[in-house]
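Listed here are the chains, written in short residue letters.
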Amino acid sequence: MLIGVIADDFTGATDIAGFLVSCGVATTQLIGVPPADLAVEAEAVVISLKSRSCPADEAVADSLAALAWLRARDCPRIYQKYCSTFDSTRKGNIGPVADALLDALGADFTVICPALPVNGRTIYNGYLFVGDVLLEDSGMRDHPINPMTDSSLVRLMESQSIGRAGVVTAAVVARGPAAVKAELDALRAAGKRYAVLDALTDAHLDTLGAAVADMPLVTGGSGLAAGMAKAWRRRNQDPSRAAAAGAPQPGRGVVISGSASQMTNRQVAEYKAKAPSFPVDPVRCLADQAGYAREMAAWVQAQPRAGLAPLLYATTDAATLKDIQARFGAAASMAIEATFAALARQLAEAGFTRFVVAGGETSGAVVQALGVSGFHIGPQIAPGVPWVRAVDKPYSLALKSGNFGAPSFFFDCQPERVAG
Ligand code: ADP
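Calculation criteria
- Residues numbered from 1 in each chain as written.
- Predicted model: local features only at pLDDT ≥ 70, side-chain atom pairs only at ≥ 80, totals over all residues.
- Heavy atoms only, no water.
- 1 Å grid on protein atoms, 1.4 Å probe; cavity = no way out; pocket = protein on both sides within 12 Å on 5 of 7 lines; lining within 4 Å.
- Points joined across faces, edges and corners; volume = space filled by probe spheres on them.
- Helix = DSSP H or I, 4+ residues; strand = E, 2+ residues; numbered from the N terminus.
- Domains from an automatic or database assignment.
- Contact = heavy atoms within 4.5 Å.
- Buried area = accessible area lost by both parts, 1.4 Å probe.
- Phe/Tyr/Trp six-rings, centres within 6.5 Å; stacked < 30°, edge-to-face > 60°.
- Buried < 20%, exposed > 50% of the residue type's maximum accessible area, 1.4 Å probe, protein only.
- Lys NZ or Arg CZ within 6 Å of the ring centre and 35° of its normal.
- Expected span 1.5 Å × (residues − 1).
- Core = buried A, V, L, I, M, F, W, Y, C linked by side-chain atoms within 4.5 Å.
- Pairing = 2+ DSSP bridges.
- Near = heavy atom within 4 Å.
- Polar contact = N/O pair within 3.5 Å; in protein donor to acceptor, adjacent residues only side chain to side chain.
- Areas by Shrake-Rupley, 256 points an atom, 1.4 Å probe, with all protein chains shown as cover.
- Sits in = over half its atoms within 2 Å of the grid points.

Structural notes on the layout of surface pockets
- By volume, the second largest pocket is sized at about 290 Å³.
- What lines the second largest pocket is a set of 20 residues, and nearest its centre among them are Gly-258, Ala-260, Leu-321, Ser-333 and Ile-336.
- Every element with two or more residues in the lining of the second largest pocket is listed here: helix H12 (318–328), helix H13 (331–349) and helix H14 (360–370).

This is the structure:
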């Protein structure tokens, strides 16, 4: 194993896992702290917690449990992954988690770098910017859970953690990895516990990644991890191999669409013109989930084995959705998710192994229903949507939220079945 990542939420974990694979590192993503006996072979293991907004003591306990699991597998480096907008106020838990991880690792110094220039998150003189403005002047100021009213990562870390923080400025970063390393040594010698790393460009992240590639603990967003992965790859990685463990397995498949986004509406429209399709009635989901799911499963099984995978869709246009919501409120959406979950379970029992799912919440419901504890990240179907293969079950999944994928997405998941 090259690195163990402790991520503070699921989508953040997916994000960093995708970056690592695209930089040539074979990666497995686990949902929550895995059972002690789970066998995983990967160069990177990303453990997704739900700690972003929880009290510091809970976040610390969960992070230490994840660390213990990783250390039991001789993981040589730990990465604490948080959001590129830091999402952690003066009372937040990023500092306490970093303090606890440092102590547990017997270390006394690490770096702080949420920068993700490709998404406009940059750090200059230790201040975090979102696009053209300081973090505190961005929409994050009004975030419902973590309102960010200070852009100084030095002040935020010093108020959350037990140590002092310094900055490695962009001017130093521009001089290359050796200069960064020398500056880190100087900050540590001056008694700092944390070094906030300036990063304005991907090239800066590559320099920083090379400089911190062998530290026992690094903290940051997904960008710095990509910089580290590139540094390892220069040494010994073969990028073509990284996605092999997650490559889609053969078997019977189904497409389940619970997203009502515009792109998903287009994807459903294109697909149902050519493939067997089943429109899902929200009223029946509300009235009789179990019976309706059985009916759907029977329909799926009655479709021809060859040819395109059958589609079941709740996806509908905005006006119809509004009407359903006005009549039933959130209950309709929950009932649809529960019906799809029951359907996935029944199809899995019937031997189906490929699940293409549209919708973030819908994907969560299906993954939970299938009892999957984690995935090997496979090749990309569309930007941000890889195939994933369950670590402990025979399932391959394509999990697509909202607007991801091209209009041909459902076809793109089964090129071997697209005629002509
Ligand atoms: P996205 O990633 O596009 O946001 P999600 O699955 O996260 O998709 O969310 C879509 C939500 O809308 C789900 O809870 C789903 O059950 C619900 N939904 C989808 N179609 C309908 C419908 N026809 N009526 C009511 N709710 C619907």
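Focus: the domain arrangement of the chain
- On domain assignment, one finds that the chain holds domain 1 (3–243) and domain 2 (246–419).
- Computed over C-alpha atoms, the centres of domain 1 and domain 2 are 33 Å apart.
- Contact with domain 1, which involves 12 residues of that partner, is made by 13 residues of domain 2.
- When the two sides are added together, the surface that domain 1 and domain 2 hide from each other amounts to roughly 950 Å², 63% of it contributed by carbon and sulfur.

Thoughts on empty space enclosed by the protein
- Using the criterion set out here, one finds 2 cavities of 30 Å³ or more in the structure.
- Size it by volume and the largest cavity reaches roughly 90 Å³.
- In terms of lining residues, the largest cavity is bounded by 13 residues, among which Asp-8, Ser-51, Gln-80, Lys-81 and Val-97 are the most central.
- Of all the secondary structure elements, the ones that give two or more residues to the lining of the largest cavity are strand E1 (3–7), helix H2 (56–71), strand E4 (78–81) and helix H3 (94–105).

Overview of the packing of aromatic side chains
- Summed over all chains, the structure comprises 7 aromatic pairs.
- Ring geometry for Phe-355 and Tyr-395: centres 5.7 Å apart, planes at 80°, overall edge-to-face. Linking Phe-355 in strand E15 (residues 354–358) with Tyr-395 in the loop between strand E17 (385–390) and strand E18 (396–400), this pair joins segments that are 40 residues apart in sequence.
- Among the residues examined, Phe-355 registers a relative accessible area of 0% and is labelled buried.
- Through a chain of ring-to-ring contacts, three or more aromatic side chains come together here, namely Tyr-271, Phe-409, Phe-410 and Phe-411.
- Against the face of Trp-69 rests Arg-73, its NZ or CZ located 3.6 Å from the ring centre.

Quick look at helix H11 (residues 289–302)
- Compared with an ideal rise of 1.5 Å per residue, which puts 14 residues at 20 Å, H11 spans 20 Å between its outermost C-alpha atoms and is within 8% of the ideal.
- Listed as buried for H11 are Gly-291, Tyr-292, Ala-293, Met-296, Ala-297 and Val-300.
- Structurally, H11 contributes buried residues whose contacts are with strand E12 (253–257), strand E13 (277–279), helix H10 (282–287), strand E14 (311–313) and H13.

Digging into the nonpolar core
- Ranked by internal contacts, the top residues of the largest apolar core, which has 118 residues, are Phe-86, Leu-184, Leu-197, Leu-224 and Phe-355.
- Residue contributions to this core reach at least three from each of two domains, namely domain 1 (3–243) and domain 2 (246–419).
- Those residues in contact with Leu-197 that lie beyond four places of it in its chain are Val-111, Ile-112, Cys-113, Ile-123, Val-168, Leu-184, Leu-208, Val-212 and Leu-224.
- Formed by 19 residues, the second largest nonpolar core is a distinct cluster that contains Ala-309, Tyr-313, Val-356 and Phe-409.

Considering the sheet that holds strand E6 (residues 121–124)
- Within the open sheet, the 3 strands sit side by side as E6-E7-E8. Their pairing is antiparallel. Of all strands in the sheet, those bounded by a partner on one side alone are E6 and strand E8 (133–134).
- Bridge count for E6 against strand E7 (residues 127–130) is 4 bridges, and the pairing is antiparallel. By the bridge assignment, Arg-121 is partnered in E7 with Val-130.

Notes on the site of the ligand
- In the neighbourhood of the ligand, 17 residues make up the surrounding shell, with Ser-259, Glu-337, Glu-361, Thr-362 and Gly-402 lying closest.
- Ser-259 is positioned with one of its side-chain polar atoms (N or O) 2.7 Å from an oxygen atom of the ligand.
- One of the side-chain nitrogen or oxygen atoms of Glu-337 is found 2.5 Å away from an oxygen atom of the ligand.
- Starting from 570 Å² of accessible surface for the ligand in isolation, the protein chains cover 84%.
- Applying the majority rule of atoms within 2 Å of the grid points places the ligand in the second largest pocket.
- Secondary-structure elements contributing two or more residues to the shell around the ligand are H12, H13 and H14.

Quick notes on the environment of Val-46
- Tracing the sequence through the fold places Val-46 in strand E3 (residues 44–48).
- In the structure, Val-46 is positioned 104 residues away from Asp-150 in sequence and 29 Å away in space, judged by C-alpha atoms.
- Those residues in contact with Val-46, other than ones at most four positions away along the chain, are Val-5, Ala-7, Ala-13, Ile-16, Ala-17, Leu-20, Thr-27, Thr-28, Gln-29 and Leu-30.

Some thoughts on unusual backbone geometry
- Unlike most non-glycine residues, Asp-87 shows phi in positive territory, near 40°.
- Residue placement: Asp-87 occurs in the loop between E4 and H3.
- For Asp-87, a relative accessible area of 7% corresponds to the buried category.
- Positive phi, close to 50°, is recorded for Asn-125, a residue that is not glycine.

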